[in-house]
Amino acid sequence: MSKPKKNFGQNFLIDQIVLGRIIDALSLVNGEQVLEIGCGKGALTERMLMKGINLKGVEIDRDLIEGLDLIKLKHKNFDVLNQDILKVNLKDISDSKLRIVGNLPYNISSKIILWSVKNKDMIRDVHFMLQKEFGERLTSGPNKKSYGRLSIFTQLFFKVEVLFDVSSESFFPKPKVDSIFLKLRPQNNKDIENLDIECLQNITLKAFTKRRKKISSCLKEYLSKEDLKKINIDPDLRPENLSIADYISITRYIQN
Ligand code: SAM
């Protein structure tokens, strides 16, 4: 069996109690469609299959596919794709909405969150194991260091719920940091109806790349101090002081 690969973020779950807690949190129902990101050696995969779900796994590491193929022989309700999840469009692999589960490779967590936003219309819910600090960025609010673009985009499209913390001792090899298990549920957010998402992406990029500057200075190519005052935003605030609603107001002001 090959050694765990750092470049694929391979920290395998070995703690049976944590695996059991994950299964309980998922409340899987016989026959439902689930996609697992990064099956690894199948610790979570096999436990989920025992609930009678239809499971599709996506695993990038060819060296792990042989082991997963053995699981496939035992379970007709399992299939695995040897692919990079970031290149998968959920519409191409399923006709109906999926539940997504993954003990994520931490090095590409941001990309997988943005992938989830892109695929949100095909998602019923998402359960991810993430590096704790990263998870805090997803749930963070204004005036905190951890607040940024990722907080804004995740919370605009998903309702985020922290389920439980997981110690680094639960993995092999043991990562340097603790983890967090959380749930994301796509939400129909009226605030984003007809909102120019690309504009919001550009504005938040400008703002949070220079988060120590005043918002008026970060966004000077888009709007003046007077414009900001018109929408009740103090031009002297720093990007991290603005709420998600403020960023929506700025986007609407620019797009109209
Ligand atoms: N699910 C297993 C477990 O809990 O023990 C493995 C989790 S390990 C943290 C992350 C897994 O994701 C690894 O098996 C790794 O090879 C896989 N992986 C890494 N990058 C990936 C990608 N872009 N697409 C699909 N799988 C990926």
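Residues numbered from 1 in each chain as written. Predicted model: local features only at pLDDT ≥ 70, side-chain atom pairs only at ≥ 80, totals over all residues. Heavy atoms only, no water.

### Side note on the overall build of the protein
Counting its regular elements, the protein contains 11 helices and 9 strands. With the C-alpha coordinates aligned to their principal axes, the bounding extent of the protein is approximately 65 × 40 × 30 Å. The long-range fraction of contacts in the protein, counting pairs at least 24 apart against all pairs at least 6 apart in sequence, stands at 66%. For the protein, the exposed area adds up to about 13,500 Å²; of that, 47% sits on carbon and sulfur atoms. The averaged location of the 33 negative side-chain charges in the protein is 3 Å from the averaged location of its 43 positive side-chain charges. (Helix = DSSP H or I, 4+ residues; strand = E, 2+ residues; numbered from the N terminus. Contact = heavy atoms within 4.5 Å. Areas by Shrake-Rupley, 256 points an atom, 1.4 Å probe, with all protein chains shown as cover. Lys, Arg positive; Asp, Glu negative; His and termini not counted. Charge placed at Lys NZ, Arg CZ, Asp CG, Glu CD.)

### Concerning the domain arrangement of the protein
The accessible area lost on association of the parts is a frequent measure of interface size. The domain architecture assigned to the protein consists of domain 1 (8–188) and domain 2 (192–255). With 13 residues of domain 1 in contact, the opposing surface of domain 2 contributes 16 residues. Carbon and sulfur atoms make up 70% of the area that domain 1 and domain 2 hide from each other, which totals about 1,200 Å². On the domain 1 side of the contact with domain 2, Tyr 147, Arg 149 and Leu 156 bury the most area, a combined 44% of that side's loss. At the junction of domain 1 and domain 2, the tally comes to 0 salt bridges. Put simply, domain 1 and domain 2 have 8 residue pairs in polar contact (both at pLDDT 80 or more) between them. Residues that form the side of domain 1 that touches domain 2 fall into these classes: 6 nonpolar, 4 polar and 3 charged. (Domains from an automatic or database assignment. Buried area = accessible area lost by both parts, 1.4 Å probe. Salt bridge = Lys/Arg side-chain N within 4 Å of Asp/Glu carboxyl O. Polar contact = N/O pair within 3.5 Å; in protein donor to acceptor, adjacent residues only side chain to side chain. Nonpolar A, V, L, I, M, F, W, Y, C, P; charged D, E, K, R; others polar.)

### Focus on the site of the ligand
As a matter of local geometry, the ligand sits amid 22 residues, with Leu 13, Gly 38, Glu 59, Asp 84 and Asn 103 nearest to it. The separation between a nitrogen atom of the ligand and a polar main-chain atom of Gly 38 is 2.8 Å. A distance of 2.9 Å separates an oxygen atom of the ligand from a polar side-chain atom of Asn 103. Protein chains bury 98% of the 590 Å² of accessible surface belonging to the ligand in isolation. When atoms are counted within 2 Å of each cavity's grid points, the one that captures over half of the ligand is the largest pocket. (Near = heavy atom within 4 Å. 1 Å grid on protein atoms, 1.4 Å probe; cavity = no way out; pocket = protein on both sides within 12 Å on 5 of 7 lines; lining within 4 Å. Sits in = over half its atoms within 2 Å of the grid points.)

### Side note on the layout of surface pockets
Approximately 550 Å³ is the volume found for the largest pocket. The wall of the largest pocket is formed by 35 residues, among which Phe 8, Gly 38, Glu 59, Asn 103 and Pro 105 lie closest to the centre. Looking at the lining of the largest pocket, the elements with two or more residues in it are β1 (12–13), β2 (33–37), α2 (43–49) and β8 (171–172). Of the volumes computed, that of the second largest pocket is approximately 320 Å³. In this structure, the second largest pocket is lined by 15 residues; those nearest its centre are Lys 6, Gly 9, Asn 11, Pro 175 and Lys 176. Taken together, the residues that form the lining of the second largest pocket break down as 6 nonpolar, 5 polar and 4 charged. (Points joined across faces, edges and corners; volume = space filled by probe spheres on them.)

### Overview of the packing of helix α7 (residues 149–157) against helix α11 (residues 244–255)
Packing of α7 against α11 brings their axes to within 10 Å, and their N-to-C directions diverge by 90 degrees. Comparing the axis directions of α7 and α11 gives the class roughly perpendicular. From α7, Ser 151, Ile 152, Gln 155 and Leu 156 reach across to α11, where they touch Ile 244, Tyr 247 and Ile 248. When the residues that make up the contact of α7 with α11 are grouped by side-chain class, the tally is 5 nonpolar, 2 polar and no charged. (Axes fitted to C-alpha atoms, helices over the stretch in contact; angles between N-to-C directions. Parallel < 35°, antiparallel > 145°, perpendicular 65-115°, else oblique.)

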